[in-house]
Amino acid sequence: MEPNYSSLVSSELFDWRPAASYVLSAAVGAFFEEYSKQLNAAQAEAVAATEGPLLILAGAGSGKTRVLTARIAHLVLDHGVPLSRILAMTFSNKAAREMHDRVKSLLQDDSTIRYPWISTFHSVCVRLLRQYGGRVGLETGFAIYDSSDQMALVKDAFELLKISDKTYHPKAVHAQISSWKNDGKFPAQVASSSRASHFVETASKIYVAYQAELLKAQAVDFDDLLLYGHQLLNEHLDVREYFQDLWKYVLVDEFQDTNRIQYMLLKQLIGPHQNIAVVGDDDQSIYGWRGAKIENILNFDREYPACRVVKLEQNYRSTANILKAAAAVIGKNEVRHEKTLWTDSDAGRKIRVVGLPDDRAEAKYIVTQIHKALGEGVAASEIAVLYRVNSVSRVFEEECLRQRLPYKIVGGFRFYERKEIKDIIAYLRLVMNPHDIIAFRRSINTPTRGVGKVSVDKLEALAAVQKKPLAEVLKEGTMQLSGKGRIGVTQYAEVYAEGRKLFLEGDSLVDLFVHFMDKSGYVADLKNDPSFEAREREENLQELLAAVQEFEEQWQAPEEVVGVEGIKIDTSGVQRKLFDFLERVALVADTDQLDQKSKEQVTFMTLHASKGLEFQTCFIAALEEGIFPSMRAMDSGDGVEEERRLCYVGITRAKEHLILTRADSRRTFGSINMQMPSRFLRDLPAQVLEMVEEAKPSYPNYASGGGGASSWGNGYYARKPKPGPIPAYEDESQDLYSEDVDSEFKRGDKVKHPSFGDGVVKKVEHLGSDECLTIEFRVKGKKKVLSQFVQAVE
DNA sequence: TCACTGGGGATTTTT
DNA sequence: TCCCCAGTGA
């Protein structure tokens, strides 16, 4: 029986009064007393140590989230700390959501209230900046640019400075700018460095222009949220003191992934009380390439000498064999906090290592094994296939279709990054922020209304001359245009003006969306398009509308912080709703929020995406040199250490059964390459392994020893095949998928599909009594390949 | 302005 | 192989 703690909530959950006016109630301790029975000694210590700096080194599967959430519940229930006084920051929305929900359930709070300060770093900053952005030059309605918007602006900066984008890749420059921002450097601080390389010099110039463009558009990129957040607190004592005082307790999850700016921000937030608890595992630091500083966690105890260190080393997730394997892999790394994971569980099954002739065989093997596991009663949601790069997922997808395995591929496309969604959102963004140049350019000729670059340039120039927001010079602008452009802009100006009115005076977010979808002509345009893709887009827009509707229904005016400036944001009407919705689109944009129906599906994802998850059965595929560890990591010195940590993360996702696979040859970028087994396989202790070597030289016309010269770097692991016919899978398919059934179809047959139209059969395969056709269609000139099962006709 | 074509490039991606 | 972009022609 769950004990009931609700009577213990001794104060309101939300209390925004200055700290002086609330008094800690004496520790009741009833929650802790009861809950700590479920904790081990180290976990209990980490929960109970509420005051002062605390570093929790939490190994994989050691119950870290449990400790964090219990800590919050303990503060609230036993110490009477209002939730508004606790700031808990995570990196991903996924982690924030999980922590939020678990705290809520510990508090036995079944209201619909959302706790505002269990959140991501970025969201916390957005909330600070919506209210205090004026201090650092931001209007309340500032836009948040996603990566493609950011790239567009970087390219703009290239053009503005008349630097050819052939000199350097805009992508590389953007990465450099981002890394400066992650280090907490504004353009001014970068320009001052002497003796810079030509690239750095150029990039710093572009940084200056890029930042100016952002400001002009009243927009921020992801990194800016942290940068400005830090600037705000650093330069404005009143704001800093207010929040230091508000947040008596600060918690940070996945601390090993913090970068410099996040760390700087964090230091601003910690008041004199120094009640800062960080949780992390240096062995799971896998975002170094995004600026994460593993030193933050390695040096934390030195930075805070009074810091208490708690190590959580008991693993509750995996079998002993799996942990042995994980320890062997990670043990090869030099830079780490020494710790040893241990478990009470049995050795469990051996880890299976399987070599296969090629990537197709690997996919077939894995999917077949999954079917077997499902047959043995393992739930589909308890099975995952992990890999280093997204590109290997394609062959799995094909195989799943062929073997009819319900699957879900995590990552890749995000709902809000689809063209049609971004198109409509652009209108909304402009209405919220009339300065938003990227939204303006995207929406003005979508759907096409004959407004080209010439007209756009004129409008932008006019806005610059008049020093007015872009969207406000539309009417005047039409006067300076002629012909098609003039008609188009007039139309656009009307749609915008009406929408702006709905934004300022209306109260329904759905109405606002419907207005732009209809009046812009976007939906009508789609309806006139007979293609399959247009249908898909229409559906996606419907889905968007449904999401907006749901959002609006569940939306509640946030508990506003009565800060030093009082409440500044209008929390009534449609404005605040749009702010919040667009924030979600920019920051929380992942699809799995929209459909959580993944219960019956096997999950395929990158190793990065798997962090924080666990599965009964885990496959790690493509364990080959050059893929995992990746080529890039192998070239750089400490790159391999991070790959090793990634491997450790992957291994520790498995609870009971771990299967590692590799292939002798693999199709990458169109050509087939010979692959060498990953060095990580060699690190595994033999006694926990079960080798299944199915690899054999399957294609006689490939060189097994010498062979052609390699086109990649060190030539040892990747050899180009000798010239000669590539063995066609079509010929082998009968063997591979057995059971000769008389087919209605053969290769080259013309077929008709209800939505795709005419297509050509590329491949016919058989599985049991079913027939799988791979058919290639051309839809609006684009190739579309579909694998589909057909019941064989007797 | 837009539709087509050919060349070049191609990790991981919490936000 | 496939996808994105820049350049070209109608």
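Reference entry: report on the structure contained in this document. Everything quoted here is computed from the prediction, not taken from an experiment.

### Section: the overall build of chain A
Line of reasoning, step 1. The helix and strand inventory of chain A stands at 31 helices and 20 strands.
Line of reasoning, step 2. When burial is assessed residue by residue, chain A has 56% of its 794 residues classed as buried.
Line of reasoning, step 3. A total of about 35300 Å² of accessible surface is found on chain A, and carbon and sulfur atoms cover 52% of it.

### So, helix α9 (residues 198–216)
Line of reasoning, step 1. For α9, built from 19 residues, the straight-helix expectation of 27 Å at 1.5 Å per residue is met to within 8% by its first-to-last C-alpha distance of 27 Å.
Line of reasoning, step 2. Thr 202, Ala 203, Ser 204, Ile 206, Tyr 207, Ala 209, Tyr 210, Gln 211, Glu 213 and Leu 214 are the residues of α9 that are buried.
Line of reasoning, step 3. Positioned one or two residues after α9, Gln 218 has a phi angle of 50°, which is positive.

### Notes on the state of the cysteines
Line of reasoning, step 1. A full pass over the atoms with the stated rule returns zero disulfides.
Line of reasoning, step 2. Free cysteine: Cys 618, not disulfide-bonded; nearest cysteine sulfur from Cys 647 at 12 Å.

### Let's talk about the protein's contact with DNA strand B
Line of reasoning, step 1. Within the structure, DNA strand B sits among 26 residues, and Asn 93, Arg 388, Arg 414, Gly 452 and Ser 630 are positioned closest to it.
Line of reasoning, step 2. Considering the 4 Å shell around the protein, atoms of DNA strand B inside it are sugar or phosphate in 52% of instances.
Line of reasoning, step 3. A distance of 2.4 Å is found between a phosphate oxygen of DNA strand B and a backbone nitrogen or oxygen belonging to Gly 452.
Line of reasoning, step 4. In terms of residue class, the surface near DNA strand B is made up of eight nonpolar, eleven polar and seven charged.

### Focus on the nonpolar core
Line of reasoning, step 1. Membership of the largest hydrophobic core comes to 124 residues, with the highest contact counts inside it found for Trp 247, Phe 513, Leu 544, Leu 578 and Phe 581.
Line of reasoning, step 2. Among the elements that line this core, the one with the most residues is helix α18 (residues 419–432), at nine residues.
Line of reasoning, step 3. Not counting the four nearest positions on each side in its chain, Leu 578 is found in contact with Leu 428, Val 431, Met 432, Phe 503, Leu 509, Leu 512 and Phe 513.
Line of reasoning, step 4. Ala 60, Ile 366, Ala 380 and Phe 604 belong to the second largest nonpolar core, which has 57 residues in total.

### Some words on the sheet that holds strand β7 (residues 276–280)
Line of reasoning, step 1. On the basis of which strands lie adjacent, the open sheet formed by six strands has the order β3-β2-β6-β7-β1-β8 and parallel pairing. Among the strands making up the open sheet, the edge pair consists of β3 (118–120) and β8 (308–312). Recorded for the sheet is a direction-independent mean angle of 20° between the axes of neighbouring strands.
Line of reasoning, step 2. Here strand β1 (residues 54–58) runs beside β8; their pairing, made up of five bridges, is parallel. In the strand pairing of β8, Ile 56 is matched with Val 310.
Line of reasoning, step 3. Contacting β1 and β8, helix α2 (residues 41–48) crosses the sheet at an angle of about 145° to β8.

### Notes on the pattern of salt bridges
Line of reasoning, step 1. Within the structure shown, the criterion is met by 48 salt bridges.
Line of reasoning, step 2. Two residues, Arg 394 and Glu 398, come together in a salt bridge whose shortest N-O distance is 3.7 Å. Placement of both Arg 394 and Glu 398 in helix α17 (residues 393–402) is noted, with a separation of four residues, approximately one turn of the helix.
Line of reasoning, step 3. Here Glu 398 falls in the partly exposed class, since its relative accessible area comes to 26%.
Line of reasoning, step 4. The partner of Arg 666 in a salt bridge is Glu 624, with the nearest N and O atoms 2.7 Å apart. Separated by 42 residues along the polypeptide, Arg 666 in strand β14 (residues 654–668) and Glu 624 in the loop between β13 (615–620) and α28 (631–635) bring together distant segments of the chain.
Line of reasoning, step 5. Overall, the relative accessible area of 0% leaves Glu 624 in the buried class.
Line of reasoning, step 6. Within the structure, one salt-bridge network assembled from shared partners comprises Lys 64, Asp 253, Glu 254, Asp 257 and Lys 611.

### Regarding the packing of helix α5 (residues 121–132) against helix α26 (residues 573–587)
Packed helix pairs are specified by the crossing angle of their axes together with the interaxial distance, meaning the distance between the axes.
Line of reasoning, step 1. Contact geometry of α5 with α26 gives a least axis separation of 11 Å together with a crossing angle of 150°. With respect to α26, the axis of α5 lies roughly antiparallel. Here the hand of the crossing between α5 and α26 comes out right-handed. When α5 is examined against α26, the residues His 122, Ser 123, Val 126 and Arg 130 are found in contact with a partner set consisting of Phe 579, Glu 583 and Leu 587.
Line of reasoning, step 2. When its residues are assigned to classes, the contact of α5 with α26 shows three nonpolar, two polar and two charged.

### Overview of the environment of Gln 556
Line of reasoning, step 1. Residue placement: Gln 556 occurs in the loop between α25 (532–554) and α26.
Line of reasoning, step 2. Residue classification places Gln 556 among the partly exposed positions, given a relative accessible area of 33%.
Line of reasoning, step 3. Along the sequence, Gln 556 and Gly 477 sit 79 residues apart, while their C-alpha atoms lie 39 Å from each other.
Line of reasoning, step 4. Those residues in contact with Gln 556 that sit more than four places away from it in its chain are Thr 112, Ile 113 and Arg 114.
Line of reasoning, step 5. Separated by 3.2 Å, the side chain of Gln 556 and the backbone oxygen of Thr 112 make a polar contact.

### Considerations on α17
Line of reasoning, step 1. Those residues of α17 not exposed but buried are Ser 393, Val 395, Phe 396, Glu 399, Cys 400 and Arg 402.
Line of reasoning, step 2. With its phi angle positive at about 50°, Arg 404 sits one or two positions after the end of α17.

Conventions and cut-offs
- Residues numbered from 1 in each chain as written.
- Chains lettered and ligands numbered in written order.
- Predicted model: local features only at pLDDT ≥ 70, side-chain atom pairs only at ≥ 80, totals over all residues.
- Heavy atoms only, no water.
- Helix = DSSP H or I, 4+ residues; strand = E, 2+ residues; numbered from the N terminus.
- Buried < 20%, exposed > 50% of the residue type's maximum accessible area, 1.4 Å probe, protein only.
- Areas by Shrake-Rupley, 256 points an atom, 1.4 Å probe, with all protein chains shown as cover.
- Expected span 1.5 Å × (residues − 1).
- Disulfide = S-S within 2.5 Å.
- Near = heavy atom within 4 Å.
- Polar contact = N/O pair within 3.5 Å; in protein donor to acceptor, adjacent residues only side chain to side chain.
- Nonpolar A, V, L, I, M, F, W, Y, C, P; charged D, E, K, R; others polar.
- Core = buried A, V, L, I, M, F, W, Y, C linked by side-chain atoms within 4.5 Å.
- Contact = heavy atoms within 4.5 Å.
- Pairing = 2+ DSSP bridges.
- Axes fitted to C-alpha atoms, helices over the stretch in contact; angles between N-to-C directions.
- Salt bridge = Lys/Arg side-chain N within 4 Å of Asp/Glu carboxyl O.
- Parallel < 35°, antiparallel > 145°, perpendicular 65-115°, else oblique.
- Left-handed = near helix turned anticlockwise from the far one by under 90°.

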